[in-house]
Amino acid sequence: MIFRRKSSELSSFETKSDSKSSGFQSISSIFKGNSDDPSLESVPEYAIESEHLIETEPAKPSPNKSVRLIQEIQKLPDKTIIPFVDYNEGQLLYPILSEIGQSSDNLSYLDGLVSDGILEKKIYEKLIVCPIHSDTFSSSVRLYCPKCHSMDVEKLNLFEHKKCGYITESSNFDFSDNEKSYCPSCKKPITNFEKEIRVPAMWYQCNDCSEKFDDAVVKLHCRKYEHDFDTNSGQFVSTFRYKLKNSEISVNSDTSEIKDEIQKLLVGFNFDSHLNYSIQGKSNNIHEIPIYGKNKTSGESILIFIKNQSHGIDQTDMNSILVPKLDIGPTHTLLITVSAITDGVEQLAKHYGIYIICEPDSSQIISAVEEFVSEWYSKNGDKK
Ligand SMILES: [Zn+2]
Ligand SMILES: [Zn+2]
Ligand SMILES: [Zn+2]
C-alpha cells in the first residue's frame, strides 16, 4: 500500500470526515474554543497545533500524541483501555491519557479517535448511580432492619461441627485463634474450617431490636451527598472500554502526507486551504472536512474527503460525505481514495455531484487532483 509508512510516523488525525454522532460532538466541542478566536480562523491546521495551543486545547487530537497513545495501547491486555472509576471523587478516568499529556478524564479525546476509526468503543459496565446526582458514581450498598430500620444489622450463620453434628449460631464458635479452635460441644480441636464445619443456614439479626430476618432491606447510598435511594430508582451510567482497531489503522491513519501535498497544491492555485477544518453548514451543524479550500479571488470552495476502506468504498461512506456536502454547499466536492469503489456508489456520487478520484497510489491521486483543479480554473481562467 502506498500510504503505509513506518508506524512511528503514523498519523491518526486523518479520516475525520465520518460524521458519527460520538465523534461529531467531540469535534464541535473541540472547535468551539477555536472559533472564538478570529485570529485562528485563517491559520492552517499545522499552525493551530503549535505547542502553546495544545496546552489550551486539551481535546484536540494531535498526530504525535495519538501515535504515542496507540503505542501505549498496543502494550495493554487485549489492546483495550478500560475505565478507572474514582468512587471518592465520582469520576470516570482513563489514566493512560495522562501518559500522553492529556487530562485522564478527557473522554472526547478518545471519542475523537473512535470517529477517526482508530479505536472501537464498547460498553464496559453499567454503574448504578444516584437518580438525583447521576454525575457522582460513589454509591454503596446499605442493609437495614425491616422492623426498626436500624443499620446495626448483623449477618448470622449456623455452623455445624460435622464430626459431632452439633449445630449452633456461628458466634458460639470461637475462631479467633487460628491454631486452637474447639467445638463448643465436643471440645475437639477444629483445624480445618472448610472441611470440618458446614454452614446450613444464614440470616440477619438486628442488634437494636433483636429482630431476626432472612432478607434485610437493601438501599443504595449516595456517598457524596449522603442520602439513600431505592435500588430500582437508581440510574444506569455506561462506562466504555476502547479497543484498538488494528485492521483499520494502517489504512485510515496514513493519509497525512497526501493531505499535505493537496493542501500545498490548493495554495498554489490561490486557495486558502485548511486540513481537518471545521465548518458550519446551513443547518448550523459543524462538519469537519479533511481538506477544505476556498479560492481567494472567486470565493469558490472545495471539499476534499479521503476515505480508504479495505472492503471498498460503499454507500455508507458516500452518505457520510453527502451530509456535509449538502449542508455546506461547496462549489465542488471530491472524494479521493486508493480503495475500490463498490457497485452503485459511482452513480450516487454522480447524482449528487461528488467527483471521485480513485487511483492506486498517492502521486497519481495528487496529479488527478491537480488536473481537476486546473481544469476547473481553465474554464473560468480569469478567476484564478
Ligand atoms: Zn445523591
Ligand atoms: Zn431492628
Ligand atoms: Zn463437636
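Residues numbered from 1 in each chain as written. Chains lettered and ligands numbered in written order. Predicted model: local features only at pLDDT ≥ 70, side-chain atom pairs only at ≥ 80, totals over all residues.

> Hey, could you run me through the nonpolar core in this one?
Across soluble globular proteins, nonpolar side chains have a tendency to be buried as a group. Counting residues in hydrophobic clusters, the biggest one holds 26 residues, and the most contacted among them are Ile304, Phe305, Leu334, Leu335 and Ile336. Within the residue set of this core, elements represented by two or more residues are helix H9 (256-268), strand E15 (271-280), strand E16 (286-295), strand E17 (301-306), helix H10 (315-328), strand E18 (332-337), strand E19 (354-358) and helix H12 (362-379). Considering each element in turn, this core owes the most residues, five residues, to E17. The residues touching isoleucine 336, leaving out its near neighbours within four places in the chain, are Ile304, Ile306, Ile357, Ile365 and Val369. Counting residues in hydrophobic clusters, the runner-up holds 16 residues, among them Leu97, Tyr109, Leu113 and Tyr242. (Core = buried A, V, L, I, M, F, W, Y, C linked by C-beta atoms within 7 Å. Buried ≥ 20, exposed ≤ 12 C-beta atoms within 10 Å, placed from the backbone. Helix = DSSP H or I, 4+ residues; strand = E, 2+ residues; numbered from the N terminus. Contact = placed C-beta atoms within 7 Å.)

> I would appreciate a short explanation of the packing of H9 against H12 in the present structure.
Angle between the axes and distance between the axes: these two values describe a pair of packed helices. Packing of H9 against H12 leaves a shortest axis separation of 10 Å and a crossing angle of 25 degrees. Compared by their axis directions, H9 and H12 come out roughly parallel. Classified by chirality, the crossing of H12 by H9 is right-handed. Residues Glu257, Ile258, Glu261, Ile262 and Leu265 of H9 pack against Ser362, Ile365, Ile366, Val369 and Glu370 of H12. (Axes fitted to C-alpha atoms, helices over the stretch in contact; angles between N-to-C directions. Parallel < 35°, antiparallel > 145°, perpendicular 65-115°, else oblique. Left-handed = near helix turned anticlockwise from the far one by under 90°.)

> What should I look at first to understand the confidence of the model for the chain in this one?
Caution applies to low-pLDDT regions: their predicted coordinates should not be interpreted in detail. Scored by pLDDT, the chain has a mean of 78; 80% of the residues are at 70 or more. Per-residue pLDDT, averaged within each element of the chain, yields its smallest value for helix H1 (residues 21-35) (35) and its largest for strand E13 (residues 227-229) (94). When the criterion is pLDDT under 50, residues 1-60 qualifies, and its contacts beyond four places in sequence or with other chains add up to 119 contacts. Segment residues 247-252 is flagged for pLDDT under 50; beyond a separation of four residues in sequence, or across chains, it makes 15 contacts in the model. (pLDDT = per-residue confidence, 0-100.)

> What's the story with the sheet that holds strand E7 (residues 166-169) in this structure? I'm lost.
Strands belonging to one sheet form pairs held by backbone hydrogen bonds; the direction of such a pair is parallel or antiparallel. If you trace the four strands from one edge of the open sheet to the other, you get E7-E6-E10-E11, paired in antiparallel fashion. The open sheet has two edge strands, E7 and strand E11 (212-213), and neither has a second partner. Two strands pair when backbone bridges link them, and strand E10 (residues 197-206) and E11 are joined in this way by two bridges, in the antiparallel orientation. Within E11, the position partnered with glutamine 205 by the bridge is lysine 212. (Pairing = 2+ DSSP bridges.)

> It is not clear to me how the environment of histidine 311 should be interpreted in this structure. Could you clarify?
Tracing the backbone through its elements, the reader meets histidine 311 in the loop between E17 and H10. Here histidine 311 falls in the exposed class, since 11 other C-beta atoms lie within 10 Å of it. Along the sequence, histidine 311 and threonine 342 sit 31 residues apart, while their C-alpha atoms lie 8.6 Å from each other.

> Explanation requested: the environment of phenylalanine 271 in the structure shown.
Here phenylalanine 271 shows up in strand E15. Contact partners of phenylalanine 271, with chain neighbours within four places excluded, come to Leu266, Gly293, Lys294, Asn295 and Lys296.

> Can you walk me through the pairing of E17 in this structure?
Strand residues, when the strand is regular, have side chains that alternate between the two faces of the sheet. Burial of E17 is extensive: five of the six residues sit out of reach of the surface. Taken together, the four bridges between E16 and E17 define a ladder with antiparallel strand orientation. Bridge pairing links tyrosine 292 to leucine 303 in E17. One ladder, built from five bridges, connects E17 with E18; its direction is parallel. Across the sheet, residue isoleucine 304 finds its bridge partner in E18, namely leucine 334.

> Whenever I open this one, the sheet that holds strand E14 (residues 235-244) confuses me. Can you help?
Strand order in the open sheet formed by three strands is E1-E14-E4, and the pairing between neighbours is antiparallel. Only two strands of the sheet have a single neighbouring strand rather than two, namely strand E1 (80-81) and strand E4 (119-129). As defined by bridge partners, E4 adjoins E14 across 10 bridges and the pair is classed as antiparallel. Among the inter-strand pairings, leucine 119 is bridged to a residue of E14, identified as leucine 244.

> Help me out: how do you make sense of H9 in this one?
Since the α-helix packs 3.6 residues into each turn, any two residues three or four apart lie on the same face. Look at H9: 18 Å from first C-alpha to last across 13 residues, which is about the 18 Å you get at 1.5 Å a residue. Buried residues of H9: Ser256, Ile258, Lys259, Ile262, Gln263 and Leu266, and no others. Burial along H9 is one-sided: seen end-on, the buried residues are contained in an arc of 160 degrees. Exposed residues lying more than 90 degrees from the buried face of H9 are Lys264 and Gly268. Count one or two residues on from H9 and you reach asparagine 270, which has phi positive near 70 degrees. (Expected span 1.5 Å × (residues − 1). Arc of directions from axis to C-beta.)

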